[in-house]
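One letter stands for each residue in the lines below.
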Amino acid sequence: MAEDSDRAAESCQPPKRHKSYVCLYFRGCKSESDSTTRRGKTSENASETTGSFMENVKIMRPDDANIVGNVHGGIILKLIEEAGCIVSTRHCNTQNGDRCLAVLVRVEKTEFLSPVFIGEVAHVTAEITYTSKHSLEVQVKVMAENILTGAKKLANKAALWYVPCSLQNVDKIMEVPPIKYANEDQEEEGKKRYEAQKMERLDTKARIEEAVPPPPNPEDPPKEQCTVGFSQSTLIHLVGPSDCILHQYVHGGVTMKLMDEVAGIVAARHCNTNVVTASVDAINFHRKIKKGCVVTVTGRLTFVSNKSMEIEVLVDASSLTEEEKGKYRAVSAFFTFISLDKFNKPLPVPPLKIEGEEEQRRFEEGKARYLQNKAKRLTDKERQQ
Amino acid sequence: MAEDSDRAAESCQPPKRHKSYVCLYFRGCKSESDSTTRRGKTSENASETTGSFMENVKIMRPDDANIVGNVHGGIILKLIEEAGCIVSTRHCNTQNGDRCLAVLVRVEKTEFLSPVFIGEVAHVTAEITYTSKHSLEVQVKVMAENILTGAKKLANKAALWYVPCSLQNVDKIMEVPPIKYANEDQEEEGKKRYEAQKMERLDTKARIEEAVPPPPNPEDPPKEQCTVGFSQSTLIHLVGPSDCILHQYVHGGVTMKLMDEVAGIVAARHCNTNVVTASVDAINFHRKIKKGCVVTVTGRLTFVSNKSMEIEVLVDASSLTEEEKGKYRAVSAFFTFISLDKFNKPLPVPPLKIEGEEEQRRFEEGKARYLQNKAKRLTDKERQQ
Amino acid sequence: MAEDSDRAAESCQPPKRHKSYVCLYFRGCKSESDSTTRRGKTSENASETTGSFMENVKIMRPDDANIVGNVHGGIILKLIEEAGCIVSTRHCNTQNGDRCLAVLVRVEKTEFLSPVFIGEVAHVTAEITYTSKHSLEVQVKVMAENILTGAKKLANKAALWYVPCSLQNVDKIMEVPPIKYANEDQEEEGKKRYEAQKMERLDTKARIEEAVPPPPNPEDPPKEQCTVGFSQSTLIHLVGPSDCILHQYVHGGVTMKLMDEVAGIVAARHCNTNVVTASVDAINFHRKIKKGCVVTVTGRLTFVSNKSMEIEVLVDASSLTEEEKGKYRAVSAFFTFISLDKFNKPLPVPPLKIEGEEEQRRFEEGKARYLQNKAKRLTDKERQQ
């Protein structure tokens, strides 16, 4: 056990993207190529043995995609979170003390840069890029490779924040072993990102208790097309063992997949076309969801621009057998969807018919987010030039 | 805890079907639209907080369907049972006393009214429509929505009976909190349905011990085409954790899905065409099946009309490691399948070659059921006109 | 309990293949066709009640296949192992003493004789063909049936070795109840197979500790096409509850499915075509893999002939929370893949660019295996004529 505390954290450069980037490896594994690997042996070069970087591959199957073959954004989000959970759980257990599990607390805003199709291979690389005393940031990249043509493209980049919870007592937060940075700037930038997300999490905590959309009365006349009520959708999911592989708690990736699913239904019902996830705003995971719970995921349109729809998704959880203990809001987020024609080109989106002050307020807020994101994309573009 | 006993049960009108029926909601959730939801707060209007009604949505995936895109009847049955289980477990836990789980004991005869396809969204609504002291009836409807055209159609209506079993002792049946009826007639009709199914369950209990079809000897010559033996099929399933989300016992919906699967193989082997589930006779769940069991599901043709096939499906369970304790019959049911051409129009079914007295007896019984159902459909039609 | 020890083992002739072979049955079940089955009743003919033979059917779904509809070899291997596990666990529990589970320790070399397609029904028959004191051999056959045309073909034949582990203490190996042989020759041949595999298992145990391929450095220039490094691939899998239905340990079939998956990615990246599993060399399962582990599966090309590729697959396991206890090699094997055109005819495979002595050594070893297998196939062919 003592030798573990000796394991120095390493400096992790994000891998460069090459034209024919071969990404299939796992830096955490032993690297002595042609000699016998001894158990428990520590490498001379400590940076080679820490688990702060990993890669994974997965073939996309028909069940991962919609009817025209586009892999659901939720599947990509789930892959991203799986990689983040493995790399951060592994890293946090290189310390002495209680064994622990890394629990997702936040995903930064992420964009789906190009669609992924059935039969393509997703390459997921995850790397720990910042550690504070009690949390760590993992940056994850998803490359999609067409193994028939060899073509590769960047499908998604995401940043996730994890917190290590003790296995003995899930409410006890453990300390995170520090990583080594390549230089001071790298650490400084990480610290800025850490402070920024901390602020935002506190901010949304205030908003979190917002009410579930009112259930339409079955006696009401049918909703008019293109209204918020027309496309609003709710799905219910019983949390089973496959949703909770490492914990007694649902993996964040499972929840995000459900959220994307309901958002996709809302978007398709509004447009009656093929829709895909374009981006997801920062998601905060406020409260854990336990095995055996019923999860209610509700999606409703908040804002529609010429070519995109913003859908607010609210996740509530409750125990099926102890419902009197109350339903609680576990997660909420904004998904942006676009509508595609058969050549995968964006289609115009029907305008949203607003009913009432509340919908108008949400529409304005959505518009503000839309304009802010647009401005940010422009700035980023200029900075890159 | 005390406040729970105050929750009055409510009167639940089944939702009307509108041309563009928007069904996505959940009456059990809090309905205060624009105010902050307090934990544990009971609504002024108690009828809004009981869990006696729910709705769910699910996209149909490639793995849910056969090779021409028709969603398997078994998938629909599983969705129906999931909704029934959630709504009745939730309702039975509004009482004081042991936490309990609703266990499926019977599904009434159900017809598949229109086919569902990959990419469509299934809307499942479940509502408690009758409660006796120890059991409850749940009526479930499945609407299939083509989200590209907006078209909706009724895919299935079913009535399920549940019994609440204590989590502390699965053999202890709990009391069911009563629901409120809109009027006396509604309660009276429910009582009639309750009495009728009780009679039938006792009736079939006598039949349940019927033997498994004899295993063909591998040394025997091959069976002649169109005989019962030719298409008879058996599948084996190891009961895993995903089959038992809430219980240590298999959900009824999982069993029905397996039954539909084997019946579909039998029907396809008889016709060599695309086949779909047309209806399922009342199914009684005689005995529970525990995690870790091996389930043997056998299907055989009993009767064939011009355009339909009746397949008897027998489900036997046994512990893999304690097989000496014996195999037992857990469920049995009759499935009716039809054969479809590429335009989804019914095709004639090859006649069944009967061998032996036993097959003849089963054929006659099947014919009687067929004629009875046909007569009942005519009566229902006339009554509606 | 006493009656169990009376159950005589039976002589099991492998079923003959008929032109229209109807294989759907289960010899372990009671066979009294038209009488009521009594619980715990032992048949007069003991050979009818032992669990030393079984059959199963399963429809192949879209998620089981690659993009052109060929069912993955890994799916077939998983089906084979499931049947082997059921039949041997059942057999080993006909004794008195601890309840036990049969754990896969070895699969003999197996060939994929014809491709299986989505919508076909796989018929799996498993039979115990030899028992030593502590292990048993199960022979499994997979027939693929096109239920639309009625055509059937042999897809795979495999021989698996199991060892019964006590449920009370997984490291305690139980005794295997003996089976009866049709004649002395049958027993003698089984004994030869038993001795041969025992030798080979000891042999590979020496090789097992071989190192994981060195991780490519992300700073390195991209690998040249057709080199070993170019197509080398690694996938990571978190062992969840559905991977461990009967044990706290991964079923061998789950591991084989992952191995086939990674080998398929390696082969497709080398050829950029549709690839299928042609054969799998004998696989030894050296060490068990527990629930909650992370499994790292790495595949790399070792040898390429005109029309086939040999891929070495290495499976390493480690606990995510106790990684300091070390990674260990759980399984390793050689998969042979072929490349197919759109008419399912074999295509030429691009030659492999060898870099370094180590790759050259592995290439020569692969070539030796290739020539040996070729010679063996010729001998077998001659013997059959």
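As the structure is a computational prediction, the values presented were derived from the model and not from experiment.

Description of the overall build of chain A
Move 1: On a plain count of helices and strands, chain A comes out with six helices and 12 strands.
Move 2: In chain A, 75% of the contacts between residues at least 6 apart in sequence involve partners at least 24 apart.
Move 3: Accessible area of chain A: about 15900 Å², with a carbon and sulfur share of 51%.

Topic: a nonpolar patch on the surface
Move 1: Taken together, the side chains of A:Ile67, A:Val68 and B:Leu148 make up a nonpolar region of the molecular surface, amounting to roughly 280 Å² of accessible area.
Move 2: Tracing the backbone shows A:Val68 in the loop between strand S1 (53-59) and helix H2 (73-92).

Re a negative patch on the surface
Residue and element names in this part refer to chain A.
Move 1: A grouping of Glu184, Asp185, Glu187, Glu188 and Glu189 is seen on the molecular surface, where their side chains present a negatively charged patch.
Move 2: Counting through the fold element by element, Glu189 comes out in helix H3 (residues 184-207).
Move 3: The partly exposed category is assigned to Glu189, whose relative accessible area is 47%.

Observations regarding H2(A)
Move 1: Spanning 20 residues, H2(A) covers 28 Å between terminal C-alpha atoms, matching the ideal 28 Å at 1.5 Å per step.
Move 2: The buried count for H2(A) comes to 18 of 20 residues, which makes it a mostly enclosed element.

Re the confidence of the model for chain A
Residue and element names in this part refer to chain A.
Move 1: On average, residues of chain A score 82 in pLDDT, and 82% of them are at 70 or above.
Move 2: Below pLDDT 50 for its whole length, residues 1-50 participates in 125 contacts with residues either more than four positions away or in separate chains.
Move 3: Both confidence scores are given for the complex: pTM 0.79, ipTM 0.73.

Details of the pattern of salt bridges
Residues and elements named next belong to chain C.
Move 1: Under the definition given, this model contains 51 salt bridges over all chains.
Move 2: One salt bridge in this structure joins Arg329 and Asp316, with 2.6 Å as the shortest N-O distance. Note that Arg329 is positioned in strand S12 (residues 328-340) and Asp316 in strand S11 (residues 309-319), a separation of 13 residues in sequence.
Move 3: For Arg362, the salt bridge goes to Glu358, with nearest N and O atoms at 3.3 Å. Here the residue Arg362 and the residue Glu358 both occupy positions in helix H6 (residues 356-384), the gap between them amounting to four residues, near one helical turn.

A word on the environment of A:Leu148
Move 1: Relative to the helices and strands, A:Leu148 is located in the loop between strand S5 (136-145) and strand S6 (152-166).
Move 2: The exposure class of A:Leu148 is partly exposed, given its relative accessible area of 42%.
Move 3: For A:Leu148, the contacting residues outside a window of four places in its chain are C:Asn272, C:Thr273 and C:Asn274.

Quick look at the packing of aromatic side chains
Move 1: Considering all chains together, one arrives at 18 aromatic pairs over all chains under this definition.
Move 2: A centroid spacing of 6.1 Å and a plane angle of 35° characterise the contact between A:Tyr130 and A:Tyr181, whose relative ring orientation is tilted. In this pair, A:Tyr130 sits in strand S4 (residues 121-131) while A:Tyr181 sits in the loop between S6 and H3, placing the two residues 51 residues apart along the sequence. For the pair formed by A:Tyr130 and A:Tyr181, the shared burial category is buried.
Move 3: Taken together, a centroid distance of 5.9 Å and an interplanar angle of 50° make the contact between B:Trp161 and B:Tyr194 tilted. Here B:Tyr194 lies in helix H3 (residues 184-207) and B:Trp161 lies in strand S6 (residues 152-166), a separation of 33 residues in the sequence. Each of the two residues, B:Trp161 as well as B:Tyr194, counts as buried.
Move 4: These aromatic residues form a ring-pair network of at least three members: A:Tyr130, A:Trp161, A:Tyr181 and A:Tyr194.
Move 5: Here the guanidinium or amino end of A:Arg269 rests over the ring plane of A:Phe230, the centre of that ring lying 5.9 Å away.

Focus on the packing of helix H2 (residues 73-92) of chain B against helix H5 (residues 252-271) of chain B
Residues and elements named next belong to chain B.
Move 1: Interhelical geometry of H2 versus H5 gives an angle of 170° and a closest axis separation of 8 Å. For the element pair H2 / H5, the angle class is roughly antiparallel. Residue-level contacts link Gly73, Gly74, Ile75, Leu77, Lys78 and Glu81 of H2 to Gly252, Gly253, Val254, Met256, Lys257 and Asp260 of H5.

Let's talk about helix H5 (residues 252-271) of chain C
Move 1: Look at H5(C): 29 Å from first C-alpha to last across 20 residues, which is about the 28 Å you get at 1.5 Å a residue.
Move 2: Burial of H5(C) is extensive: 19 of the 20 residues sit out of reach of the surface.

Section: the environment of A:Thr298
Residue and element names in this part refer to chain A.
Move 1: Note that Thr298 resides in strand S10 (residues 293-304).
Move 2: Judged by its relative accessible area of 5%, Thr298 falls in the buried class.
Move 3: A C-alpha to C-alpha distance of 8.8 Å links Thr298 and Ile236, two positions 62 residues apart in sequence.
Move 4: Only 3.2 Å separates the side chain of Thr298 from the side chain of Thr234, close enough to count as a polar contact.

Some remarks on the pairing of strand S10 (residues 293-304) of chain C
All names here are of chain C.
Move 1: Burial analysis of S10 places 12 of its 12 residues in the buried class, the great majority of the element.
Move 2: Pairing geometry for strand S7 (residues 233-238) and S10, over six bridges, is antiparallel. Counted as the bridge partner of Thr234 is Thr298 from S10.
Move 3: Looking at chain direction, S10 and S11 are connected through 11 bridges and run antiparallel. Bridge pairing in S11 links Phe303 to Glu310.

Description of unusual backbone geometry
All names here are of chain A.
Move 1: Positive phi values are uncommon outside glycine, yet Asn344 reaches one of about 65°.
Move 2: Here Asn344 shows up in the loop between strand S12 (328-340) and helix H6 (356-384).
Move 3: Note on Asn344: relative accessible area 30%, which makes it partly exposed.

Let's talk about the pairing of strand S12 (residues 328-340) of chain B
All names here are of chain B.
Move 1: Extensive coverage of S12 is indicated by the burial of 12 of its 13 residues.
Move 2: Bridging between strand S8 (residues 274-280) and S12 involves six bridges; their strand directions are antiparallel. In the strand pairing of S12, Val280 is matched with Phe335.
Move 3: Direction of pairing for strand S9 (residues 283-285) relative to S12: antiparallel, over a ladder of two bridges. In the strand pairing of S12, Phe285 is matched with Val331.

Brief notes about the state of the cysteines
Residue and element names in this part refer to chain B.
Move 1: Within this structure, the stated rule accounts for zero disulfides over all chains.
Move 2: No disulfide involves Cys271; its sulfur sits 8.5 Å from that of Cys226, the nearest cysteine.
Move 3: Owing to a relative accessible area of 12%, Cys271 belongs among the buried residues under this scheme.

Rules used in this analysis
- Residues numbered from 1 in each chain as written.
- Chains lettered and ligands numbered in written order.
- Predicted model: local features only at pLDDT ≥ 70, side-chain atom pairs only at ≥ 80, totals over all residues.
- Heavy atoms only, no water.
- Helix = DSSP H or I, 4+ residues; strand = E, 2+ residues; numbered from the N terminus.
- Contact = heavy atoms within 4.5 Å.
- Areas by Shrake-Rupley, 256 points an atom, 1.4 Å probe, with all protein chains shown as cover.
- Patch = residues over 30% accessible without salt bridge, like charges linked within 9 Å, V, L, I, M, F, W, Y side chains within 5 Å.
- Salt bridge = Lys/Arg side-chain N within 4 Å of Asp/Glu carboxyl O.
- Lys, Arg positive; Asp, Glu negative; His and termini not counted.
- Charge placed at Lys NZ, Arg CZ, Asp CG, Glu CD.
- Buried < 20%, exposed > 50% of the residue type's maximum accessible area, 1.4 Å probe, protein only.
- Expected span 1.5 Å × (residues − 1).
- pLDDT = per-residue confidence, 0-100.
- Phe/Tyr/Trp six-rings, centres within 6.5 Å; stacked < 30°, edge-to-face > 60°.
- Lys NZ or Arg CZ within 6 Å of the ring centre and 35° of its normal.
- Axes fitted to C-alpha atoms, helices over the stretch in contact; angles between N-to-C directions.
- Parallel < 35°, antiparallel > 145°, perpendicular 65-115°, else oblique.
- Polar contact = N/O pair within 3.5 Å; in protein donor to acceptor, adjacent residues only side chain to side chain.
- Pairing = 2+ DSSP bridges.
- Disulfide = S-S within 2.5 Å.

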